[in-house]
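Chain by chain, the residues:
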Amino acid sequence: YVYCSNGPTSRIDPNGQKDYIYTSSTDYYVENDAVSRTHADIVRKKDHFYVVDQDSLNHTFLEGKRLPAKKYIKIKSGQSFVLADEEFTFYYEAI
């Protein structure tokens, strides 16, 4: 799940066959002009999840730290991340 502090919860499919299980451009729309359409992705590689900033103008932050663009940064269940000024929390539950 991805929970937005100012909006709905978005369910993602961590058991799917896609490498990119969550992208801001295709799976979740944020009504906030500061968040770009292709702002960041959440990616599954084997048993781990990563957040990847897609060289966004207003940046992506994980636990308060700005992420470098195009780098895979491990994210754990319960961690918060921010796209521009919109806060989210990532949750993973094994099925």
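As a reminder, the structure under discussion sits directly above these lines.
Residues numbered from 1 in each chain as written. Predicted model: local features only at pLDDT ≥ 70, side-chain atom pairs only at ≥ 80, totals over all residues. Heavy atoms only, no water.

Caption draft 1: Structural detail: the packing of aromatic side chains. One pass over the full model with this rule turns up 4 aromatic pairs. Measuring from ring centre to ring centre gives 4.7 Å for F49 and Y92, while their planes differ by 50 degrees; the resulting arrangement is tilted. Of this pair, F49 sits in strand β5 (residues 48–53) while Y92 is found in the segment after β10 (86–90), placing the two residues 43 residues apart along the sequence. With relative accessibility at 5%, the residue F49 sits in the buried group. (Phe/Tyr/Trp six-rings, centres within 6.5 Å; stacked < 30°, edge-to-face > 60°. Helix = DSSP H or I, 4+ residues; strand = E, 2+ residues; numbered from the N terminus. Buried < 20%, exposed > 50% of the residue type's maximum accessible area, 1.4 Å probe, protein only.)

Caption draft 2: Fine view of unusual backbone geometry. Its identity is not glycine, yet E63 carries a phi of approximately 50 degrees, on the positive side. Take E63: it is sitting in the loop between β6 (60–62) and β7 (65–66). What makes E63 partly exposed here is its relative accessible area of 47%. If you check the backbone angles, K70 has positive phi at about 65 degrees while not being a glycine. Mapped onto the secondary structure, K70 falls in the loop between β7 and β8 (73–75).

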